[in-house]
Amino acid sequence: MRTRVKICGITRLQDALAAVEAGADALGFVFYPPSPRAVTPAQAAEIIAALPPFVTTTALFVNAQRNEIDEVVALTQVDLLQFHGDETPEFCQSVQKPFIRALRVKPETDLQAAAQDYAAARALLLDTYVAGVPGGTGAVFDWQLIPETLRPKIVLAGGLTPQSVAQAVAQIRPWAVDVSGGVEQAPGIKDAQKIQEFINEVNRVHV
Ligand SMILES: O=C(O)c1ccccc1N[C@@H]1O[C@H](COP(=O)(O)O)[C@@H](O)[C@H]1O
């Protein structure tokens, strides 16, 4: 089965359209103000309104207040939420919108237990644990920590690049891969050529 691709940290319409043109399945928008990739609900709404159909849009939050999430959902009409902070299973489910749960992985992380706790999540997005930083660090974790049984429900993230993604897909066979820094020319500014290379590399594994 083809591995889906999500390009995260979109801040500009031209980057969103380049990603779609290159074959991206999903785009991510960061609603975490300290991030260099943060967008306002109005900015995201303008980009999302200009997209063609059949592109999944995702809103990323880190311990946001419920009213902030509700505002983003109402203004942007995103398809999925991505919780990247300490949100509990109860909180994630309370928003009543499909969600993916990001987990920051370190050797002692019990992914089986997390999968049970967040059973209502559409997928588990695995990023690398870096102390004091909630994500988007460009750091890679040990993919062997991912239990075989979970792999069809995993969105693999964390420091993926056009150079590394084919090996990741061949080795782990995740449902999807997610990239931000690896396809940028500067934080928040995507590189259309790197996006195309990234997606070509993913698809190369499946031919
Ligand atoms: O991108 C950010 O700035 C960010 C901030 C806070 C939480 C998550 C963030 N990004 C997500 O982290 C993963 C991995 O990113 P990278 O490829 O290693 O740069 C991905 O889901 C990003 O969207």
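This section reports on the structure supplied with the text. (Residues numbered from 1 in each chain as written. Predicted model: local features only at pLDDT ≥ 70, side-chain atom pairs only at ≥ 80, totals over all residues.)

## Looking at the packing of helix H1 (residues 13-22) against helix H7 (residues 192-204)
Here's step 1: Where H1 contacts H7, the axes come no closer than 9 Å and their chain directions differ by 30 degrees. With respect to each other, H1 and H7 are oriented roughly parallel. The element H1 and its partner H7 pack so that their crossing is right-handed. The segment H1 lies against H7, with Ala-18, Ala-19 and Ala-22 engaging Ala-192, Ile-195, Gln-196 and Ile-199.
Here's step 2: Residue composition of the contact of H1 with H7, by class: 6 nonpolar, 1 polar and no charged. (Axes fitted to C-alpha atoms, helices over the stretch in contact; angles between N-to-C directions. Helix = DSSP H or I, 4+ residues; strand = E, 2+ residues; numbered from the N terminus. Parallel < 35°, antiparallel > 145°, perpendicular 65-115°, else oblique. Left-handed = near helix turned anticlockwise from the far one by under 90°. Contact = placed C-beta atoms within 7 Å. Nonpolar A, V, L, I, M, F, W, Y, C, P; charged D, E, K, R; others polar.)

## Digging into H1
Here's step 1: For H1, the full list of buried residues reads Asp-15, Ala-16, Ala-18 and Ala-19. For H1, the angular spread of buried residues about the axis comes to 165 degrees, placing them on one side.
Here's step 2: Contacts from the buried residues of H1 go to strand S1 (4-7), strand S2 (26-30), helix H2 (41-49), strand S10 (189-190) and H7. (Buried ≥ 20, exposed ≤ 12 C-beta atoms within 10 Å, placed from the backbone. Arc of directions from axis to C-beta.)

## A look at the packing of helix H6 (residues 165-172) against H7
Here's step 1: Where H6 meets H7, the axes come as close as 8 Å, and the angle between the chain directions of the two elements is 30 degrees. Relative to H7, H6 is oriented roughly parallel. Both H6 and H7 take part in a crossing whose hand is right-handed. Contacts between H6 and H7 involve Val-165, Ala-166 and Val-169 from the former and Phe-198, Glu-201, Val-202 and Arg-204 from the latter.
Here's step 2: When the residues that make up the contact of H6 with H7 are grouped by side-chain class, the tally is 5 nonpolar, no polar and 2 charged.

## Side note on the environment of Leu-111
Here's step 1: By the element assignment, Leu-111 lies in helix H5 (residues 111-117).
Here's step 2: We classify Leu-111 as partly exposed; it has 17 C-beta atoms within 10 Å.
Here's step 3: Put simply, Leu-111 and Leu-126 are 15 residues apart on the chain and 9.4 Å apart in space, counted from C-alpha to C-alpha.

## Focus: the site of the ligand
Here's step 1: By nearness alone, 26 residues border the ligand, and Cys-8, Ser-35, Gly-135, Gly-136 and Gly-181 come closest of all.
Here's step 2: Of all the secondary structure elements, the ones that give two or more residues to the shell around the ligand are S2, strand S6 (123-128) and strand S8 (176-179). (Near = placed C-beta within 6 Å.)

## With respect to unusual backbone geometry
Here's step 1: With phi around 60 degrees, Gln-77 is a residue other than glycine that occupies positive phi space.
Here's step 2: Mapped onto the fold, Gln-77 is located in the loop between helix H3 (66-76) and strand S4 (80-83).
Here's step 3: Given 12 C-beta atoms within 10 Å, Gln-77 falls into the exposed group.
Here's step 4: Although it is not a glycine, Gln-96 sits at a positive phi angle of roughly 60 degrees.
Here's step 5: Of note, Gln-96 is situated in the loop between helix H4 (89-94) and strand S5 (99-105).
Here's step 6: Residue classification places Gln-96 among the exposed positions, given that 7 C-beta atoms sit within 10 Å.

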